[in-house]
Amino acid sequence: MTKPGRETTVGWALFLWDGRIGRRIFILGTLFWMMTNAAVIAFVTGSDDISPGSFSLFLTTASLSLLSLLMLGTKRLHDIGMPGMASILLVLPAFSLILFLVLCVWPPAEDDNRYCPGTDMRSS
């Protein structure tokens, strides 16, 4: 399993680069940010005028979700044995949906790879 001090946590899954995650955590993390962004957009657009505070809330949430999506994508790419730099394609509109679907269905590498010993684990 994991080594002491290297627990798999929500903070690690959403905001750190190291290790590997499986399809389930990747999909759940992406759905979390989709729901959070939808709620913030509904809140911001629900009022008659957009205040600076609500606009900054939108920018903060959008920035955090973008950063987290890159980290989720990096760990998922590590899980299938590919370099994490390909997660940049998740930001480009022409490739984002295709890469997202590929990451959702591509099976993980069966054995250990150079990124981490197993799925849903942090590197040592």
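Right above here is the structure, for reference.
Summarised in this report is the structure supplied together with it. (Residues numbered from 1 in each chain as written. Predicted model: local features only at pLDDT ≥ 70, side-chain atom pairs only at ≥ 80, totals over all residues. Heavy atoms only, no water.)

This brings us to the packing of helix 2 (residues 23–46) against helix 3 (residues 52–79). One can describe the packing of helix 2 onto helix 3 by two numbers: an axis separation of 10 Å at closest approach and a directional angle of 170°. Comparing their axes, helix 3 and helix 2 come out roughly antiparallel. Residue-level inspection shows Arg23, Ile25, Phe26, Gly29, Thr30, Trp33, Thr36, Asn37, Val40, Ile41, Phe43 and Val44 of helix 2 in contact with helix 3, the latter providing Ser54, Leu57, Phe58, Thr61, Ala62, Leu64, Ser65, Ser68, Leu69, Leu72, Gly73 and Arg76. A breakdown of the residues in the contact of helix 2 with helix 3 according to their chemical character gives 13 nonpolar, nine polar and two charged. (Axes fitted to C-alpha atoms, helices over the stretch in contact; angles between N-to-C directions. Helix = DSSP H or I, 4+ residues; strand = E, 2+ residues; numbered from the N terminus. Parallel < 35°, antiparallel > 145°, perpendicular 65-115°, else oblique. Contact = heavy atoms within 4.5 Å. Nonpolar A, V, L, I, M, F, W, Y, C, P; charged D, E, K, R; others polar.)

The end-to-end C-alpha distance of helix 3, which contains 28 residues, comes to 40 Å, matching closely the 40 Å that a straight helix rising 1.5 Å per residue would cover. Two residues or fewer past helix 3, Gly81 is found with a positive phi of approximately 90°. (Expected span 1.5 Å × (residues − 1).)

One pass over the full model with this rule turns up two salt bridges. For the salt bridge of Arg20 with Asp79, the shortest nitrogen-to-oxygen distance reads 3.0 Å. Of the two residues, Arg20 sits in the loop between helix 1 (10–15) and helix 2 while Asp79 sits in helix 3, which places them 59 residues apart along the sequence. One exposure class covers both Arg20 and Asp79, and it is buried. One salt bridge connects Asp79 with Arg76, and the closest N-O pair in it is separated by 2.6 Å. With Asp79 and Arg76 both in helix 3 and three residues apart, this pair spans about one turn of that helix. (Salt bridge = Lys/Arg side-chain N within 4 Å of Asp/Glu carboxyl O. Buried < 20%, exposed > 50% of the residue type's maximum accessible area, 1.4 Å probe, protein only.)

Moving on, we come to the environment of Leu92. You can see Leu92 is positioned in the loop between helix 3 and helix 4 (93–105). Placed 65 residues apart in sequence, Leu92 and Ile27 show a C-alpha to C-alpha distance of 19 Å.

Moving on, we come to the packing of helix 2 against helix 4. At a minimum axis separation of 8 Å, helix 2 and helix 4 run at an interaxial angle of 140°. On the basis of the axis angle, helix 2 is oblique to helix 4. The residues of helix 4 that touch helix 2, namely those facing Arg23, Phe26, Ile27 and Thr30, are Phe100, Leu103, Cys104 and Val105. When grouped by side-chain class, the residues that make up the contact of helix 2 with helix 4 number six nonpolar, one polar and one charged.

On to the packing of aromatic side chains. For the structure on display, the rule yields four aromatic pairs. When the centroid spacing of 4.9 Å and the interplanar angle of 70° are considered together, the rings of Phe32 and Trp33 count as edge-to-face. Between Phe55 and Phe58 the ring centres are 6.5 Å apart and the planes differ by 35°, which places this aromatic pair in the tilted class. Highlighted residues: Phe55 and Phe58, both in helix 3, separated by three residues, approximately one helical turn. With relative accessibility at 43%, the residue Phe55 sits in the partly exposed group. For Phe58, a relative accessible area of 31% gives the class partly exposed. In textbook terms, an aromatic cluster arises when at least three aromatic residues are bridged by ring pairs, as seen for Phe15, Phe32 and Trp33. (Phe/Tyr/Trp six-rings, centres within 6.5 Å; stacked < 30°, edge-to-face > 60°.)

Any link to function would need more than the numbers given here.
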